[in-house]
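Structure assessment
Residues per chain, in single letters:
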Amino acid sequence: MSVSELMQTMDYGPAPESPAEALDWLAGHGNRFGLFIAGRFTEPRAGVEARNPATGEGLAMLTAATPGEVEDAVAAARQAQPKWAGLGGAGRARHLRALARLIRQRARLIAVLETLDSGQPIRESREMGVALAERLFHHHAGLAQLLEQDLPGEVPLGVCGLILPSTLPFVMLASMAAPALAAGNTIVLKPAERTSLGALLFADLARVAGLPRGVVNVVTGGAAVGEAMVAHPGIDGVGFAGSAGVGRAIRAATAGSGKALGLHLSAKPPVIVFEDADLDAAVEGAVEAMCSRGPAGGAGARLILQEGIAGDFLARLKARMAGLRLGGPLDKCTDIGALIDEGQRDHVAALVAEGAAEGDLFQPDGALPERGAFHPPTLVSGLAPASRLMQAEVFGPVLVSTTFRTPTEAVQMANDARHGQVASVWSETITLALDVAAGLAAGVVRVNGANLVDAAGVGGLDGLTAYLRPEGRGKRLKPPAPPRQGDPLARAERLWIGGRRVPPSGGQARAIHGPRGQVIGHVGLATREDVHAAVAAARKAQPGWATQGAQARAQVLCTIAEALSARAGEVADLLRTMTGGPGAKAEVAQSVERLFTWAGRAGTQAGEIRPGPTRGTALAMAVPLGVIGALCPDEAPLLGLVSVLAPAIAMGNACVLVPSEPCPLAAAAFCEVLEASDLPGGVVNLLTGAHAALAEPLAAHMDVDAVWSFSSADLSAGIERAAAGDLKRSWVNHGRARDWWGAEGEDRAFLRAATDVRTILIPWGA
C-alpha cells in the first residue's frame, strides 16, 4: 500500500504487546497458585482455571479457599495488625512508597497480566490501571505520613476484608487497599473468581516490598469464599466493589455485627449533553464512557441528550463507533477488548435484544473474532427513562440514549440510578455545567471530560476515614423500661409535622412518669402513617432549605438558639421534673451552645479545592444527603435531640426525629422553640413514641436517605437490615453510649454522616 493510500484510509497497523513477561511469571509459579497467607503462597490445589477471555486459553489454576483457610488468613491478618499499626503513619508511608515504586517498575508485567486475565485493552490496563494504582499508593503514603496530625483520636478498624470486582481489578484493588493499609489496617483480599491473577501478583509485590507477614493476604475462589469472609467474626470492616444486588446482600449479612462497611457500587453513568456543547468532544467522551471499565465504570453508559442536538449527536456518534477497533486486547490499537467470559457476553446480548424491541438498535458492520467473549459496540436510542436497558448494569460496550428539554429534567433523569458513582456534563456554558453538576447524585462529576481520574482529585481524608474509627468505645447502654399501654388520646402533647402540631393518626397517647413514678404528662404515640406524613413533609421542605445557602441556615440556627435561651428557665424546670437530676440548667445551656456551634460550622464546611487531574481543579463539595431519620438518645433528652438535629439541618438536610423514649416531653417543649424561630415548616419533624415501633418504618422508607440511631434499645441490627433494602446510609450505636456533653457530641463524625462529598472535576484550557 502506498503512502498516499495510507493517508486516505488512516488504517492502523497491528501493534501487539508481547505477553512473554507475564507468561514467564505464571510459569515461574508453575501456572498454579495457592492462597497468599502470612507472607507466603500455600500449596496449590485444583480449583478454578483462569482463562484468557480473548482466546479461551488457560492461564493458571487457582485454589478455591476453604472456610478453614479463610480462618487462617484472618488469623494471620489479626496477628500482624498491632505491629503494622504500631509502625505509625510515617513507618507505613515508607512501605506504601516502596509498593508504589515496585508498581512503576513492574508496570509492563502488571498491565499485560491484567489484559490477559480480564480481556481489557492493554492501553486501558497500562494508562489508567497501572498508572493510577501507582498514584494511589503514593497519595495514600502522604496521607499516612500526616495521619496523626490530621486525624487525632482516630485508630484503625483492625482487619479489613476487601472484595474486588472483575472490571479493572488492579486499580480497584489499589483504591481500596491503599487507604486501608495507610490507616493501619491489615487486609484479606478476595478477588473476583475469574480475575484473580492481579491480586496474586500484588501479594507477590507486597512480599518483595518488605511488608510484614500477614499485612496482605489473598484468598481466591467463588462466592462462598466471599460469604465466609463477610461472616467471619474476626473481620472488622468490609469493603466491596461490584453490583448493587451483592452489596445489598452484604449489608443485610453484616447488620448488627458492628463491622464497618464501604460499598463501591457499579451503576450506569449518565452523560448529559447540552445544545451548546462541543459535540465532537462530547462524542469522544461518550465513546470513552462506553469502552472504559473503570474506576466505577464498565456498566455501560446512559446518554441524556438535549432534544435540539440529539439527531446530530447520534449521527456523529454512529460514525465514530463505525471506526472503533475491536479485537485482541494485547494490540495497542484495540479500542474494545473481550468481556470477562462467554456467560457475560450472552447476558449482554440478551439485554440488548430486549432493549432493541423498545428503541433503535445500531451496531457497526464487521465480523467478530472467531474466538473469545467479544461483543460489538452497541447503541440503543429512543428509550424511555424507565426502560430496563436504561437502568440495568450491562458490563459491556453498550450505550443507551434518551432526550430531555430542560436542565431540571436532565438532572431528574440522571438521578434515576440511586447508586451513581460517576457522571459527566458537557456544556460550553460553565455556569450551566456547574449548576447541573452540583445537582447530580454522583460521587464524581466530570465537566467537559471523560475518565478524568486522579488520586489527589478524588481521594483525600474522606476516603481514609472509612477505614478508621474513634479511639475507645462507649459504655453499654441500659435498655429503657417497656412503655406502658397506650391510652385514648386526651390532652396529650401532639406530634410536630410540617411545621405544625398534629394529633397522632392512631389516636393513642402514653403517660410519662417522673422519677418518683408520678404522671407528669402525656405524649401522642406516632404510627407508621405518621412516619409517612413526616417523611413527605421533610422531602417537600428539603430542596428549598438546602438552596437557602449556608449563611441563611446559620442565621436560622442562631434564632433557634436564642429562642431556646429565652425559655431556658421553663425548659430546665421540665427537664428536672422528668429526670430528677441536678444538671437540667447546664443541659439547656449546653444545648444553646451546641446550636451556635453548628451555626458556625454551617458556613465554613462547604468543601475544599483539591489538585485536579492534569490541568484542572477538583472541587470537593459537602452536599446534604436529603432526608435523615434519627432515633435520638435517651440519656440526654434535650442535649441529645439538639446534637442530632443541629448538624443535620446545618448542612442542608431535613429530618424526622424520634426523641428520647423515657423523656419525650423535652421535644414537646422544643416545639415551642421551633415555633418562635424562622425555621421553615417540614425541615424538622418530631414523632414521639417507642423507638422499637418507629425504627423499622423509618429505616425502610424509600424516601429517607439516611438513618441514624443513638437509642438505648437494641435496634442496630434491625435498622441496618431494613436500610439494606435501598442501601441507604446508616449510622448506629450498637447499644453503646456517646459522650453528649463533651467533644464527642459535636465532632466531625456528625459532619461526615450528614453530608456526601461530591467531587466536580473541571478541566482548564481552550
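Keep in mind the model is a prediction, meaning the values are calculated, not measured.

What follows concerns the overall build of the protein. Scanning the protein from terminus to terminus reveals 28 helices and 32 strands. Scaling as 2.2 N^0.38, a compact globule of 766 residues should have a C-alpha radius of gyration of about 27 Å, and the protein matches this with 28 Å. In terms of principal-axis extent, the alpha carbons of the protein reach across some 95 × 60 × 45 Å. Counting every position in the protein, which comprises 766 residues, the buried fraction comes to 57%. Considering only contacts within the protein whose residues lie at least 6 apart along the sequence, 77% involve residues at least 24 apart. Within the structure as shown, the protein displays about 29200 Å² of accessible surface, and the carbon and sulfur contribution to it stands at 53%. Each charge class in the protein was averaged separately, 68 positive and 76 negative side chains, and the resulting centres sit 6 Å apart.

We now examine the nonpolar core. Counting residues in each nonpolar core, the largest one holds 73 residues, and the members touching the most others are Phe137, Leu181, Ile187, Leu189, Leu197, Leu211 and Val216. The element that contributes the greatest number of residues to this core is helix H8 (residues 169-182), accounting for eleven residues. Counting 64 residues, the second-largest nonpolar core is a separate cluster that includes Ile512, Ala599, Val644 and Cys655.

Below, the discussion takes up the pattern of salt bridges. Summed over all chains, the structure comprises 32 salt bridges. A salt bridge links Glu746 to Arg594, with the nearest nitrogen and oxygen atoms 3.3 Å apart. Taken together, the residues Glu746 in the loop between strand S31 (729-732) and helix H28 (748-754) and Arg594 in helix H23 (residues 584-602) connect sequence positions 152 residues apart. A relative accessible area of 1% means that Arg594 is categorised as buried. One salt bridge in this structure joins Arg738 and Asp747, with 3.3 Å as the shortest N-O distance. What you see here is one network of salt bridges that share partners, running through Glu17, Glu21, Arg108, Arg126, Glu127 and Lys332.

Moving on to the sheet that holds strand S32 (residues 755-763). Read from one edge of the open sheet, ten strands run S14-S15-S16-S13-S12-S17-S18-S32-S26-S25, paired in mixed fashion. Two strands close off the open sheet at either side, each with one partner strand: strand S14 (360-362) and strand S25 (607-611). Recorded for the sheet is a direction-independent mean angle of 20 degrees between the axes of neighbouring strands.

Now for the domain arrangement of the protein. In terms of domains, the protein is made up of domain 1 (36-51 + 60-265), domain 2 (270-450) and domain 3 (527-606 + 622-757). Of note, the centres of domain 1 and domain 3, computed from C-alpha atoms alone, are 37 Å apart. If you look at the interface, domain 1 gives 13 residues, while domain 3 gives ten residues. Buried area between domain 1 and domain 3, both sides added, is near 810 Å², and the carbon and sulfur share of it is 61%. Three residues, Arg248, Arg251 and Ala255, lead the burial of domain 1 against domain 3; their summed loss comes to 54% of the area buried on that side. Taken together, the connections running from domain 1 to domain 3 amount to two salt bridges. Among the ionic pairs, Arg752 bridges to Glu154, the shortest N-O distance being 4.0 Å. Joining domain 1 to domain 3, the criterion identifies four residue pairs in polar contact (both at pLDDT 80 or more). Going through the elements one at a time, helix H11 (244-254) and strand S11 (260-265) are the ones with two or more residues in the side of domain 1 that touches domain 3. No other element matches H11, which puts six residues into the side of domain 1 that touches domain 3.

The full count for this structure, using the stated rule, is zero disulfides. Left without a disulfide partner, Cys558 is nearest to the cysteine sulfur of Cys655, which lies 17 Å away.

Tracing the chain through its elements places Thr115 in helix H5 (residues 107-118). Owing to a relative accessible area of 1%, Thr115 belongs among the buried residues under this scheme. There is a polar contact of 3.2 Å between the side chain of Thr115 and the backbone oxygen of Gln120. The contact partners of Thr115, leaving out residues within four places of it in the chain, are Gln120, Pro121, Ile122, Ser125, Pro329 and Leu330.

Turning to its location among the elements, Gly323 is positioned in the loop between helix H13 (307-322) and helix H14 (342-356). Each C-alpha atom of the pair Gly323 and Leu96 lies 41 Å from the other, and the pair is 227 residues apart in sequence.

Right, let's talk about the sheet that holds strand S4 (residues 48-51) for a bit. Hydrogen bonds along the backbone pair up the strands of a sheet, which may run parallel or antiparallel. The three strands are arranged S1-S5-S4 in an open sheet whose pairing can be described as mixed. The open sheet is flanked by strand S1 (32-33) and S4, the only strands paired with a single partner. One ladder, built from four bridges, connects S4 with strand S5 (residues 58-62); its direction is antiparallel. Across the sheet, residue Glu49 finds its bridge partner in S5, namely Met61.

Once that is clear, we can look at the packing of H5 against helix H6 (residues 122-145). The interhelical angle for the contact between H5 and H6, taken along N-to-C directions, is 125 degrees, at an axis separation of 8 Å. When the axes of H5 and H6 are compared, the pair comes out oblique. For the pair H5 and H6, the sense of crossing is right-handed. The residues of H6 that touch H5, namely those facing Ala107, Ile110, Ala111, Val112, Glu114 and Thr115, are Ile122, Ser125, Arg126 and Val130.

Across residues other than glycine, the phi torsion is negative in most instances, and most of the peptide bonds are trans. You will see that Leu168, though not glycine, has its phi angle at about 45 degrees, which is positive. Structurally, Leu168 is set in the loop between strand S7 (159-163) and H8. Look at Phe395: it is not a glycine, yet its phi comes out positive at around 55 degrees. Inspection of the secondary structure assignment puts Phe395 in the loop between helix H15 (388-391) and strand S16 (398-404).

What follows covers the pairing of strand S18 (residues 444-447). Burial along S18 is two-sided: Val444 and Arg446 facing one way and Val445 and Val447 facing the other are all buried. Looking at chain direction, strand S17 (residues 422-426) and S18 are connected through four bridges and run parallel. The residue bridging Ser424 from the neighbouring strand is Arg446, located in S18. Remark: the S17/helix H17 (residues 430-439)/S18 crossover connection has right-handed handedness. Of the pairings in the sheet, the one linking S18 to S32 comprises three bridges and is parallel in character. Residue Val445 lies in a different strand from S32, and its bridge partner there is Ile760.

Thresholds applied
Think of each chain on its own: its residues are numbered from 1, step by step along the sequence as written. Thresholds applied to this predicted model are a pLDDT of at least 70 for local features of residues and 80 or more for the giving and counting of side-chain atom pairs; totals over whole chains, interfaces and linings are not thresholded and use all residues. As a rule here, side-chain values cover all heavy atoms of the structure and leave hydrogens and water aside. In this description a helix means any DSSP run of H or I spanning at least four residues, a strand means any run of E spanning at least two, and both kinds are numbered starting from the N terminus. For this measure, only C-alpha atoms enter the radius of gyration; the expected value for a globule follows 2.2 Å times N^0.38, where N is the number of residues. Three exposure classes are used, based on accessible area relative to the maximum for each residue type with a 1.4 Å probe and protein chains only: buried under 20%, partly exposed in between, and exposed over 50%. Here, two residues are considered to be in contact whenever any of their heavy atoms come within 4.5 Å of each other. Method for areas: the Shrake-Rupley scheme with a 1.4 Å probe, in which residue coverage is limited to the protein chains shown. Think of it this way: Lys and Arg go in the positive column, Asp and Glu in the negative one, and His and the chain ends go nowhere. A single reference atom marks each charge: NZ on Lys, CZ on Arg, CG on Asp, CD on Glu. What is meant by a nonpolar core is a set of buried Ala, Val, Leu, Ile, Met, Phe, Trp, Tyr and Cys residues, joined one to another through side-chain atoms within 4.5 Å. We define a salt bridge as a contact between a side-chain nitrogen of Lys or Arg and a carboxyl oxygen of Asp or Glu at a distance within 4 Å. Paired strands are those between which DSSP finds at least two bridges. The axes used here are C-alpha line fits, helices contributing only the stretch in contact, and every angle between their N-to-C directions lies in the interval 0 to 180 degrees. Where each domain begins and ends follows an automated or database-derived domain assignment. Computed with a 1.4 Å rolling probe, the buried area is the accessible surface lost when two parts are put together, summed over both parts. A 3.5 Å cut-off defines polar contacts: any pair of N or O atoms within that distance qualifies, except that in protein one atom must be a possible hydrogen donor and the other a possible acceptor, and neighbouring residues in sequence count only when both atoms are side-chain atoms. Any cysteine sulfur atom paired with another within 2.5 Å is treated as part of a disulfide. Put simply, angles under 35 degrees are roughly parallel, angles over 145 are roughly antiparallel, angles from 65 to 115 are roughly perpendicular, and the rest are oblique. Each helix crossing is assigned a hand: it is left-handed if the near helix lies turned anticlockwise from the far helix by less than a right angle, otherwise right-handed if that turn is clockwise. The definition of a right-handed crossover adopted here requires that, viewed with the strands pointing away, the path from the first strand over the helix to the second runs clockwise.

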